[in-house]
Amino acid sequence: MMATSATKSASHVGRSLLFGLGDAYYRVELVHVKGVYPWATLEEAPDGSVRRGVIGYLNLRGDKFPVVDLNEVVHGEPTKRLLGSRILLLDCISRGKTVTIGAVAGEVFAMARDENSTFAERLNPCELLSSIVMGLAS
Amino acid sequence: MPKMSSFDQISLRKKIILLAVIPALTACVIFATLVYTSSRSASHIVRENITDFMVERTVRSLTHGYASSVVASDFVANELRLNSKIAALDSANKGGYELVGPPIPHALIGDSNHIGGQVSMPAMKFGGETVTMGRSERIQEISHDIGGVMTTLFERVNDTGDLVRISSSSPIVPLGSFLNKTNDSLNDPAETLLHGEEFFGRTLVAGAWYMGHYIPLRDHTGKVIGALYLGMPIDGMTAFRDELVANSIGAHGSVLLIYAHGPERGKMISPPPTGIAATTESEWLPKVMEASLNMQDNEQLAINVRSPKDKADAIVRYSYLKRFDWIFVTIADSRDLAGASTAVRDQFHDLMIQSIIGALIVLLVVGLGATFLSKQIVDPLLEITIQLTSNGTQVASSANQQLSHTTSLNVSSTQIATAVKEISSTSQELLRAMEELSQEASRASTVAQDGTSSLRGLGQSIDSLSKATSTIADSLTEIRTQASKINAVTLAVTKVADQTNLLSLNAAIEAERAGDAGAGFAVVAREIRRLADQSANSSQEIEQTVHEMHDAVTAGVSEVAALTTAVEQSIAVSDHIRQQFTEIISRVEAMTPRYEMVHLGMQNQSVGAQQISDAMWQLTESAGQTSDAIAELNQVSIELHKAVGILKKRIFQERNDRELLGR
């Protein structure tokens, strides 16, 4: 079963967050994005387990969220850690459950309307990470 | 700051709750008002309709009663007529009617029109039988043949047409009594019979009312010699009477029959009244009886009587049934009207209570929903505001630190510039000293005796040069140290700008999630992100400038090192001169090129010092620009702090919100 994105709300229609992966630009619809956080030091899983594709866990005020490297998924090589590197916190739905997952992105630029950001390729991270999300949802 | 209205001073949470609750409350009040108005209107309409309905019922009841009386009386009349015809024809076939024999005296019973006494009347031959005053077999047969209907035989006693009862099937009929005359000549049976016509109508016989039919009896000459009477007692028509009074109106209504005239005038024929008809009888009965004196057949009248005891009105309608001489009365009770109206009003009252309860439930649900929604909107804003406050304070603190460092850099730059100026001056002096040395050297041959003192002066100049170069080296080292500090500060500014950019992105995302309510905040977030980008750009410019300054200082250090080497060479040369003073004098001309070389080196040193001076001025200018940028950053931080303050003020108006803020 494929992971599905969260339901769109009217205010998010046509707005995306722009970010870079390698030398390419991408955009993700704002409906998927729960927040943007710096690439802080990642921690181990709360239960000490190791999951495929998860590079660590982001600790936000005690809540730990699994983090994957988008560049590794898309381009096959890990993201270079820079000052502007970010972790996008995404809400994905799989098997009826909402899974919050972090995705390491390159530099996150800004929000823009879709018609103004056609230079960036549209990316649906929940579908891209469906296999990992399904593993986390199970 | 623009003046805030009273609505603006309400917290965002209360605004959301008010915007949800006020329309719901208004709708509930309007709905309840409509229900209340509708209940009053419906109750009024129902009351009017029921009033109309009951009036119509009374009218219909009276009309129906009249129609029934007509039908009943016609039916009886037809029966009587038929029977009378049969009896008369039967009698005629059996010999007709004749007065026979000599007059026989008979005692008569007087009435209001006649004086009693005696009269001599011949016997009447009737149906083959001679009848005198008394029992007649023939009359009994006729009565038996027509079902026991009262049958009476009259004989005319004089030319005025007075008729006297001489035989009857009923023992209650007083024989020898006159047929009553009335004052109404058109309705007088005696008068009618005298003219040889039949009469049908209500008659009073022995104190009781009958529906009667009179047939004139003629002898063979055509003279009316008597009459045959057939009568049915009205009081005996119980089925008809019961049918009339059976249809009472409403639960408390009554239908009554009353004698209109005669000795029993005002007496109830029907069962006595009950309910409001009984409690108000003393009010309506006299008025009805008074009106009945002048009423025409089937004329309908109405009166209303108030019953204080029942707290209700008796709606009285009545008509005159002439054929029976009855007053037909229908009485309705206003409580029967009020009952339906009250039932409708009670229904609406229940509906209004249910509506109010429903409205309260709706209000409660809307209020809870609005409270939940406001919490969903305000709490994220609260968290963001607290974060912005914290980061704004950090930015302001960092800006102040940068300002302090920049001031220190300015002072250091000024000190370095002064030192470089001294170097330049010293270089000029050195150049002049070298020129003097050259002159002295050129004159050494001629002033050898002054050589020792000249060499001492030369040594002093070289010492000064050595100290100056040492000072330059220290200053340049200090410059490199300060440049490294600037690098650290710009790195901190860059990190702060990066953090601010991150926060503004999250603020913009939350503002987008808040929809229209976050539109204003989205503008603030965009401005903060723009300022963060400007801070990052300014930091990059500072970093670039510091790099250039670092390169220039490194070059200056190299130049100073070269200068130091030259000075050391000069010291060595001086020592060599001092050691070989004698040889110098002799070979002074040979040393002239070396002096020129020293002169050239000093010129280069002077140029290098000038370059250092220029670099330091550039550094000072850059420090000034940095100071301006930091001042602008500080101003932006203040504006950010103000914006966050406005946002906080709009979100937290209540004490508990201040507690949240403190937490």
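About the cut-offs
- Residues numbered from 1 in each chain as written.
- Chains lettered and ligands numbered in written order.
- Predicted model: local features only at pLDDT ≥ 70, side-chain atom pairs only at ≥ 80, totals over all residues.
- Heavy atoms only, no water.
- Helix = DSSP H or I, 4+ residues; strand = E, 2+ residues; numbered from the N terminus.
- Contact = heavy atoms within 4.5 Å.
- Areas by Shrake-Rupley, 256 points an atom, 1.4 Å probe, with all protein chains shown as cover.
- Buried < 20%, exposed > 50% of the residue type's maximum accessible area, 1.4 Å probe, protein only.
- Phe/Tyr/Trp six-rings, centres within 6.5 Å; stacked < 30°, edge-to-face > 60°.
- Lys NZ or Arg CZ within 6 Å of the ring centre and 35° of its normal.
- Axes fitted to C-alpha atoms, helices over the stretch in contact; angles between N-to-C directions.
- Parallel < 35°, antiparallel > 145°, perpendicular 65-115°, else oblique.
- Nonpolar A, V, L, I, M, F, W, Y, C, P; charged D, E, K, R; others polar.
- Core = buried A, V, L, I, M, F, W, Y, C linked by side-chain atoms within 4.5 Å.
- Patch = residues over 30% accessible without salt bridge, like charges linked within 9 Å, V, L, I, M, F, W, Y side chains within 5 Å.
- Salt bridge = Lys/Arg side-chain N within 4 Å of Asp/Glu carboxyl O.
- Pairing = 2+ DSSP bridges.
- Buried area = accessible area lost by both parts, 1.4 Å probe.
- Polar contact = N/O pair within 3.5 Å; in protein donor to acceptor, adjacent residues only side chain to side chain.

Trainee: Which parts of the structure should I look at to understand the overall build of chain A?
Mentor: Helix and strand counts for chain A come out as 3 helices and 9 strands. For chain A, the α and β elements follow one another from N to C terminus as β-β-β-β-β-β-α-β-β-β-α-α. Looking at chain A alone, contacts between residues at least 24 apart form 64% of all its contacts between residues at least 6 apart. Only carbon and sulfur atoms are counted for the fraction: they give 49% of the accessible area of chain A, which is about 6,800 Å².

Trainee: Hey, could you run me through the overall build of chain B in this one?
Mentor: The number of helices and strands found in chain B is 11 helices and 12 strands. Across the 663 residues that make up chain B, the buried fraction comes to 43%. In chain B, 66% of the contacts between residues at least 6 apart in sequence involve partners at least 24 apart. Summing over all exposed atoms, chain B offers an accessible surface of approximately 34,100 Å²; the carbon and sulfur share of this is 56%.

Trainee: Before we go on, may I ask you to explain the environment of T545 of chain B in this structure?
Mentor: Along the chain, T545 of chain B falls in helix α9 (residues 519–579). In the structure, T545 of chain B is positioned 62 residues away from A483 of chain B in sequence and 9.6 Å away in space, judged by C-alpha atoms.

Trainee: Help me understand the packing of aromatic side chains, please; the structure alone is not making it clear to me.
Mentor: What describes a pair of aromatic rings is the distance from one ring centre to the other and the angle between the planes of the rings. Scanning the model with the defined rule gives 7 aromatic pairs over all chains in all. Between Y25 of chain A and F119 of chain A, the ring centres sit 5.9 Å apart and the planes meet at 80°, which makes this aromatic pair edge-to-face. Here F119 of chain A lies in the loop between β8 (97–113) and β9 (121–122) and Y25 of chain A lies in strand β3 (residues 24–29), a separation of 94 residues in the sequence. Y25 of chain A gets classed as partly exposed once you look at its relative accessible area, which sits at 42%. Overall, the relative accessible area of 55% leaves F119 of chain A in the exposed class. Between the aromatic rings of Y97 of chain B and F126 of chain B, the centroid separation amounts to 5.5 Å while the plane-to-plane angle is 20°, which identifies the pairing as stacked. Of the two residues, Y97 of chain B is situated in strand β1 (residues 97–108) and F126 of chain B in strand β2 (residues 117–126); the sequence distance between them amounts to 29 residues. For the residue pair Y97 of chain B and F126 of chain B, the accessibility class agrees, reading buried in each case. Ring pairs connect the aromatic residues F154, F199, Y214 and Y229 of chain B, which therefore count as one cluster. The aromatic ring of W39 of chain A is capped on one face by R81 of chain A, whose charged end is 5.0 Å from the ring centroid.

Trainee: Mind showing me how you'd approach the packing of helix α1 (residues 12–93) of chain B against helix α4 (residues 238–246) of chain B here?
Mentor: The description of two packed helices rests on the angle between their axes and on the distance between the axes. Residue and element names in this part refer to chain B. Close contact between α1 and α4 brings their axes to 10 Å; oriented N to C, the two are set at 170°. Here α1 lies roughly antiparallel to α4, going by the angle between them. Facing α1, whose interface residues are H64, G65, S68, S69 and A72, α4 presents F240, E243 and L244. When the residues that make up the contact of α1 with α4 are grouped by side-chain class, the tally is 3 nonpolar, 4 polar and 1 charged.

Trainee: Whenever I open this one, the nonpolar core confuses me. Can you help?
Mentor: One finds L17, F19, V36, L88 and I101 of chain A to be the most contacted residues of the largest nonpolar core, which totals 46 residues. With residues up to four places along the chain from it excluded, the contact list for I101 of chain A reads P66, V68, L88, L89, L90, C92, L129, I132, V133 and L136 of chain A. Counting 44 residues, the second largest nonpolar core, distinct from the first, contains V70, A72, M237 and F328 of chain B.

Trainee: Would you mind going over a nonpolar patch on the surface with me for this structure?
Mentor: Nonpolar side chains collect at one region of the surface, where I353, I357, I361 and V365 of chain B lie side by side and expose about 350 Å² of accessible area between them. Mapped onto the fold, I357 of chain B is located in helix α7 (residues 334–444).

Trainee: Hey, could you run me through the pairing of strand β11 (residues 312–321) of chain B in this one?
Mentor: Two faces make up the sheet, and in a regular strand the side chains alternate between them. All names here are of chain B. Across the 10 residues that make up β11, a large majority, 9, are buried. Sheet analysis places strand β10 (residues 300–307) next to β11, joined by 8 bridges and oriented antiparallel. Bridge pairing in β11 places V305 opposite A314. Between β10 and β11, which pair antiparallel and follow one another directly, the connecting turn spans 4 residues, one of which, K311, has a positive phi of 55°. Summarising the sheet, β11 and strand β12 (residues 326–333) pair through 8 bridges and their orientation is antiparallel. Following the sheet pairing, Y320 is matched in β12 by I327.

Trainee: Looking at this structure, I do not really get the pairing of strand β7 (residues 85–94) of chain A. What am I missing?
Mentor: Residue and element names in this part refer to chain A. Counting buried positions over the 10 residues of β7 gives 9, a clear majority of the element. Sheet analysis places β7 next to β8, joined by 10 bridges and oriented antiparallel. Residue pairing across strands places L89 opposite G102, the latter belonging to β8. In this antiparallel pair of consecutive strands, β7 and β8, the connection spans 2 residues, and R95 shows a positive phi of 55°.

Trainee: What is the right way to look at the interface of chain A and chain B in this model?
Mentor: How big an interface is tends to be expressed through the accessible area that disappears when the partners come together. Between chain A and chain B, the contact holds 20 residues from the first and 16 residues from the second. In this assembly, chain A packs against chain B so that about 1,500 Å² is buried in total across both faces, 54% of it on carbon and sulfur atoms. Remark: the boundary between chain A and chain B carries 3 salt bridges. In this structure, R15 of chain A and E512 of chain B form a salt bridge, with 3.0 Å as the shortest nitrogen-oxygen distance. Summed over the shared surface of chain A and chain B, the result is 4 residue pairs in polar contact (both at pLDDT 80 or more). Looking at which element gives the most residues to the side of chain A that touches chain B, the answer is strand β4 (residues 33–38) of chain A, with 6 residues. Its residues assigned to classes, the side of chain A that touches chain B comprises 12 nonpolar, 4 polar and 4 charged.

Trainee: Hey, could you run me through the environment of A103 of chain A in this one?
Mentor: All names here are of chain A. Mapped onto the elements of the fold, A103 is located in strand β8. With 36 residues separating them along the chain, A103 and V67 place their C-alpha atoms 5.4 Å apart. Residues contacting A103, with those up to four places away along its chain left out, are V68, L70, R86, I87, L88 and L90.

Trainee: Sorry, what's going on with the sheet that holds β12 of chain B here?
Mentor: Sheet strands pair via backbone hydrogen bonds, and the direction of the pair is either parallel or antiparallel. All names here are of chain B. Across the sheet, 4 strands lie side by side as β9-β12-β11-β10; this open sheet has antiparallel pairing. On the outer flanks of this sheet lie β9 (254–259) and β10, each paired with one strand and no other. Each adjacent strand pair in this sheet contributes to an overall mean axis angle of 25°, direction not counted. Sheet strands touched by α4: β9, β11 and β12. Its angle to β9, the strand with the most contacts, is close to 135°.

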